[in-house]
Amino acid sequence: ETGEDLVSDLREALDACSSTVVVTQSRSQQTADVVLLGAGAIGRELLTQVRERDAGSLAVKVCAVVDRSGFVFDKNGLAAERLASITASKAAGVPLSAGGHQAAPAESVGQLTRLGLTRPILVDATPAETSDLLELSLARGFDLVLANKVPLSGEQQRVDRLNEVARSGGRSILHEATVGAGLPVLDTLRKLIEAGDRVLSIEGCPSGTLGYLFGELGRGEKFSDALHRAVQLGYTEPDPRIDLSGLDVARKALILARAIGFRGELHDVQVESLVPAALVGLPNDVFLDRVEELDGSWDRRVNEARRKGRVLRYRAHVTPGSIIVGLMPVRLTDSLGVLDGTDNQFTFTTTRYREQPLLIRGPGGGPGVAAGGV
């Protein structure tokens with residue numbers, strides 16, 4: 001056929017399919033009903049981002065918000081003014097039960113998942129072990145979106161169970177924000193694998209908190225001052241020792257490793273903790289009061305690295321068979337050495353990207369980018 005004939009045939013085929021295309025677009029434009037589990041820094045920022053978006057450009061409505069005390073709910077979607085009020089109240093420490101229904105999280109999710117919502121999505125923005133609640137939601141027809149790393153870095157058997165419940169019910173579990181906040185890390189990894197590539201290793205700095213901390217130390221800041229500022233800016237976990245112990249990075253590394261075939265547990269990750277044993281068991285406020293005790297030792301470590309033309313970075317190295325997480329000195333000219341602020345970096349070495357690995361880099365810390373990832 002000539003080029004003109006091919007164009008004519010394609011035009012006829014598209015005309016024949018036009019009704020199907022219209023139906024598909026109609027389904028994709030249906031509004032999804034969202035239940036938000038957790039109204040901490042990321043959850044509140046998510047509510048703000050949803051509220052500030054043009055109503056016609058975001059096909060979701062937040063129908064419920066759940067915290068440890070209870071929940072607020074409106075099947076028609078919580079109005080923008082209500083979302084603003086919830087955000088302000090939670091930031092001030094007021095529990096949701098004060099203006100809503102009092103219930104434990106399991107009871108709240110149990111009630112909300114029985115209400116026949118439209119295209120329901122449960123967003124988990126907590127830092128808690130929520131596997132039971134997630135499984136219940138999947139079984140009742142919810143899709144899941146996670147910023148919470150804990151369930152996906154838990155026991156392999158529980159993670160397998162969640163994925164199986166999702167598959168059997170035709171549900172999705174999306175969790176881009178668990179690694180790299182808003183960076184397309186897991187999406188890129190998925191596309192590489194779907195295209196038939198094999199990931200040999202992943203290396204990088206996946207903690208915006210520790211990236212910010214060591215960047216400040218490299219500029220001469222005291223360890224305690226840098227840590228307190230990171231807490232104030234919302235870069236750390238509620239207890240910054242989760243970051244400093246390497247646990248947060250270990251969880252992210254385990255999620256990445258499992259995506260490329262690792263079948264181990266969190267205790268199989270080789271982790272270097274930055275928290276001295278004497279400060280491990282203290283209440284969080286006491287730990288923060290005593291963190292100045294660490295300034296001298298960190299000053300010596302930073303200066304020793306500087307004398308060798310290096311800076312300190314907290315790195316994860318992941319393969320299908322092993323995970324190593326810890327502090328290492330890197331050259332100032334290294335790609336890890338020039339990271340700044342809360343920037344994350346991930347380097348994928350694959351069968352197709354072996355000579356020149358694929359690199360993803362950008363902001364990876366703070367509620368704004370994490371909520372954007374959600």
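Numbering of residues begins from 1 in every chain and follows the order in which that chain's sequence is written. Reporting of local features is limited, given that this is a predicted model, to residues whose pLDDT is at least 70; pairs of side-chain atoms are given and counted only at 80 or more, and all residues count toward the totals for whole chains, interfaces and linings. Side-chain calculation: all heavy atoms of the structure are included, whereas hydrogens and water are not.

*Asks:* Help me out: how do you make sense of the overall build of the protein chain in this one?
*Replies:* In this text, helices come from DSSP runs of H or I with a minimum length of four residues, and strands from runs of E with a minimum of two, each type numbered from the N-terminal end. From N to C terminus, the protein chain includes 14 helices and 13 strands. Our radius of gyration is a C-alpha quantity, and the globule rule it is checked against amounts to 2.2 Å times the number of residues to the power 0.38. Against the compact-globule benchmark of 21 Å for 374 residues, the protein chain has a radius of gyration of 23 Å, which places it among compact chains. With the principal axes as the frame, the protein chain shows a C-alpha extent of 70 × 65 × 40 Å. A 1.4 Å probe and the Shrake-Rupley method give the accessible areas. Residues count as covered only by the protein chains that appear here. Split by element, the accessible area of the protein chain, about 18,300 Å² in all, is 50% carbon and sulfur. The positive charge centre, built from 42 side chains, and the negative charge centre, built from 48, are 3 Å apart in the protein chain. Within this scheme the basic residues Lys and Arg register as positive and the acidic residues Asp and Glu register as negative, but His and the chain ends are omitted. The location of each charge is read from NZ of Lys, CZ of Arg, CG of Asp or CD of Glu.

*Asks:* Before we go on, may I ask you to explain helix H11 (residues 247-259) in this structure?
*Replies:* Structural remark: α-helix, 3.6 residues per turn; residues separated by three or four positions point the same way. By this rule the span expected of a helix is its residue count minus one, scaled by 1.5 Å. Between its first and last C-alpha atoms H11 spans 18 Å; for 13 residues at 1.5 Å apiece the expected length is 18 Å, and the two agree. Burial classification: accessible surface area is computed with a 1.4 Å probe over protein chains only, and a residue below 20% of its type maximum counts as buried, one above 50% as exposed, and the rest as partly exposed. For H11, the tally of buried residues reaches 11 of 13 residues, placing the bulk of the element in the interior. Among the residues of H11, Asp-248, Val-249, Ala-250, Arg-251, Lys-252, Ala-253, Leu-254, Ile-255, Leu-256, Ala-257 and Arg-258 are the ones counted as buried. After H11 finishes, the residue Gly-261 shows a positive phi value of roughly 115 degrees.

*Asks:* Please explain the sheet that holds strand S1 (residues 32-37) as it appears in this structure.
*Replies:* Strand pairing is assigned whenever DSSP identifies at least 2 bridges connecting the two strands. Spatially, the 7 strands line up as an open sheet ordered S4-S3-S2-S1-S5-S6-S7, and their pairing is mixed. The open sheet has two edge strands, strand S4 (101-102) and strand S7 (173-174), and neither has a second partner. For S1 and strand S5 (residues 121-124), the ladder comprises 4 bridges, and the chain directions are parallel. When the bridges of S5 are listed, Leu-37 appears paired with Asp-124. In what follows, a contact means two residues having at least one pair of non-hydrogen atoms within 4.5 Å. Throughout, an axis means a line fitted to C-alpha atoms (over the contacting stretch in the case of helices), and angles, computed between N-to-C directions, take values from 0 to 180 degrees. Helix H5 (residues 131-139) rests against S1, S5, strand S6 (143-146) and S7 of the sheet, and its axis sits at about 145 degrees to S6.

*Asks:* Teacher, can you tell me more about the packing of aromatic side chains here?
*Replies:* Aromatic ring pairs are reported here in terms of the distance separating the ring centres and the angle at which the planes meet. Whether two aromatic rings pair depends on their centres lying within 6.5 Å, for rings of Phe, Tyr and Trp, where Trp uses its six-membered ring; planes under 30 degrees apart make the pair stacked, over 60 edge-to-face, and the rest tilted. For the coordinates displayed, the defined rule picks out 3 aromatic pairs. Seen from their ring centres, Phe-223 and Trp-298 are 5.3 Å apart, and the 10 degrees between their planes marks the pair as stacked. On the criterion of sequence distance, the pair formed by Phe-223 in helix H9 (residues 223-232) and Trp-298 in helix H13 (residues 295-307) is long-range, its members being 75 residues apart. For the pair Phe-223 and Trp-298, a shared accessibility class is recorded, and that class is buried. An aromatic cluster is present here, built from Phe-214, Phe-223 and Trp-298 joined pairwise through their rings. A ring has a charge above it when a Lys NZ or an Arg CZ is no more than 6 Å from the ring centre and no more than 35 degrees off the ring normal. Above the face of the Trp-298 ring, Arg-301 is positioned so that its terminal group lies 4.7 Å from the ring centre.

*Asks:* Looking at this model, I keep getting lost on the sheet that holds strand S9 (residues 270-271). Mind explaining?
*Replies:* Consider a sheet: its strands pair through backbone hydrogen bonds, and that pairing is either parallel or antiparallel. Read from one edge to the other, the open sheet built from 6 strands follows the order S9-S11-S10-S8-S12-S13, with strand pairing classed as mixed. Two strands lie at the open edges of the sheet, namely S9 and strand S13 (358-363), each paired on one side alone. Where strand S10 (residues 310-318) meets strand S11 (residues 323-331), 9 bridges bridge the pair, whose relative direction is antiparallel. Counterpart to Val-311 in the pairing with S11 is Val-330. Together, S10 and S11 form the strand contacts of H13, whose direction differs from that of S10 by roughly 95 degrees.

*Asks:* What's the story with helix H4 (residues 105-112) in this structure? I'm lost.
*Replies:* Within H4 the residues assigned to the buried category are Ser-108, Val-109, Gly-110 and Leu-112. Elements that come into contact with the buried residues of H4 comprise S1, strand S2 (60-66), strand S3 (70-73) and H5.

*Asks:* Mind showing me how you'd approach unusual backbone geometry here?
*Replies:* Trans peptide bonds make up most of the peptide bonds, and negative phi angles are found at most residues other than glycine. Residue Arg-119 is not a glycine yet carries a positive backbone phi of 40 degrees. Looking at the secondary structure, you find Arg-119 in the loop between H4 and S5. Unlike most non-glycine residues, Ala-181 shows phi in positive territory, near 55 degrees. One can find Ala-181 in the loop between S7 and helix H7 (185-194).

*Asks:* Explanation requested: the pattern of salt bridges in the structure shown.
*Replies:* By convention in these notes, a salt bridge is any Lys or Arg side-chain nitrogen within 4 Å of a carboxyl oxygen on Asp or Glu. For the structure shown, the criterion picks out 24 salt bridges. Between Glu-194 and Arg-190 there is a salt bridge, and its shortest N-O distance comes to 3.1 Å. Of this pair, Glu-194 and Arg-190 both sit in helix H7, 4 residues apart, which is roughly one turn of the helix. The exposure class assigned to Glu-194 is exposed, which follows from its relative accessible area of 57%. Linking Arg-219 and Glu-216 is a salt bridge whose minimum nitrogen-to-oxygen distance equals 2.9 Å.

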